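Given next are the chains, with one letter for each unit.
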Amino acid sequence: KLYGITDDTKTELKNLEEDITIYVLATEADQDKSVLRTLSQYQELSNHIKIEYRDQTNNPTFASKYTTESLETNSIIVESEKRNKVIPYASLYVTTTDYTTYESKTTGYDAEGQLTSAIAYVTSEDMPKMYAITGHDELSLGTTFADAVAKENIELETINLMNYDMVPEDAECLFILAPISDFSQQDAEKVKSYLQKGGKAFIISTYTDKEMTNFNSMIESYGVKINPGIVAEENQNNY
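Residues numbered from 1 in each chain as written. Predicted model: local features only at pLDDT ≥ 70, side-chain atom pairs only at ≥ 80, totals over all residues. Heavy atoms only, no water.

K.L.:
Before we go on, may I ask you to explain the side chain of Ser34 in this structure?
P.N.:
By the element assignment, Ser34 lies in helix α2 (residues 33-45). Here Ser34 falls in the buried class, since its relative accessible area comes to 18%. Excluding residues that lie within four positions of it along the chain, Ser34 makes contacts with Tyr3, Tyr93 and Tyr109. (Helix = DSSP H or I, 4+ residues; strand = E, 2+ residues; numbered from the N terminus. Buried < 20%, exposed > 50% of the residue type's maximum accessible area, 1.4 Å probe, protein only. Contact = heavy atoms within 4.5 Å.)

Printed below as a string of structure tokens:
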């Protein structure tokens, strides 16, 4: 079912009420045949979907209206009256690196995931916002996680709670990524107040030799306790 359309996409297209234009940066003859097959199904499922081709050789400045990046042939731009989203051609395929040869190989096809995400983005009234908390020696966000959040059309912003009297009102979720220094009592109270009002949080802990009294207080009311220590695999064959 590599080129099949999932029920989630069918529901998204069934509920589509505004016109969407999908620009393919290629001629129809030169378009990636797998992507063409996917786009054809989108057109069949909704009369609000219109596909247009833009040959970058004959129209080299077309993409510059949407992005400052240089887009390769077969990249896609999805546009509604509200906004637009660019899908680089490389994003339509999943690649992994073989670390024995350091060669990059194509291992998956994600045109549907990228297209449905883009359609949801350009038609949504509001973008949910996630705030990543910093100021306590948290880990840096990895690109894989950030890309996954972006694909779900969640806006991700990094903030230090010291600069706020409370968690911003537009927060749909907080993300706390493995702090190794304790929160101040004030910062912890801001988080607890947000959660008590129905807020959501994704909290990850990691080992630290520092006292984390205030950090622990944020989760103890949920019946969660973090035990100090490390679990380690000693057999290198299992790494």
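Past the structure itself, the notes keep going.
K.L.:
Explanation requested: the sheet that holds strand β9 (residues 171-177) in the structure shown.
P.N.:
Within a sheet, adjacent strands bond to each other through the backbone by hydrogen bonds, running parallel or antiparallel. Taking strand neighbours across the sheet as the criterion, the four strands line up as β8-β7-β9-β10 in an open arrangement whose pairing is parallel. Strands at the two margins of the open sheet, each flanked by one partner only, are β8 (155-160) and β10 (201-204). With strand direction ignored, the average angle separating the axes of adjacent strands in the sheet is 20 degrees. Sheet analysis places strand β7 (residues 129-134) next to β9, joined by four bridges and oriented parallel. Looking at the pairing, Met130 lines up with Cys173 of β9. With respect to the sheet, helix α5 (residues 185-196) is in contact with β9 and β10, its orientation differing from that of β9 by roughly 140 degrees. (Pairing = 2+ DSSP bridges. Axes fitted to C-alpha atoms, helices over the stretch in contact; angles between N-to-C directions.)

K.L.:
Quick question: what am I supposed to make of the environment of Leu174 here?
P.N.:
Among the structural elements, Leu174 can be located in strand β9. Ignoring any residue separated from it by four or fewer positions in sequence, one finds Leu174 in contact with Tyr131, Ile133, Val167, Val191, Tyr194, Lys200, Ala201 and Phe202.

K.L.:
Would you mind going over helix α3 (residues 111-123) with me for this structure?
P.N.:
Since the α-helix turns once every 3.6 residues, residues separated by three or four places project in the same direction. For α3, which comprises 13 residues, the first-to-last C-alpha distance of 18 Å matches the rise-based estimate of 18 Å (1.5 Å per residue) to within 8%. Most of α3 is tucked away, with 11 of its 13 residues classed as buried. Along α3, the positions that sit buried rather than exposed are Ala111, Glu112, Gln114, Leu115, Thr116, Ser117, Ala118, Ile119, Ala120, Val122 and Thr123. (Expected span 1.5 Å × (residues − 1).)

K.L.:
Just to check I follow, could you spell out unusual backbone geometry for this structure?
P.N.:
Negative phi characterises most residues that are not glycine, and trans characterises most peptide bonds. Its identity is not glycine, yet Tyr102 carries a phi of approximately 60 degrees, on the positive side. With respect to the helices and strands, Tyr102 occurs in the loop between β5 (93-98) and β6 (103-109). Looking at Tyr102, the relative accessible area reads 62%, which means it is exposed.

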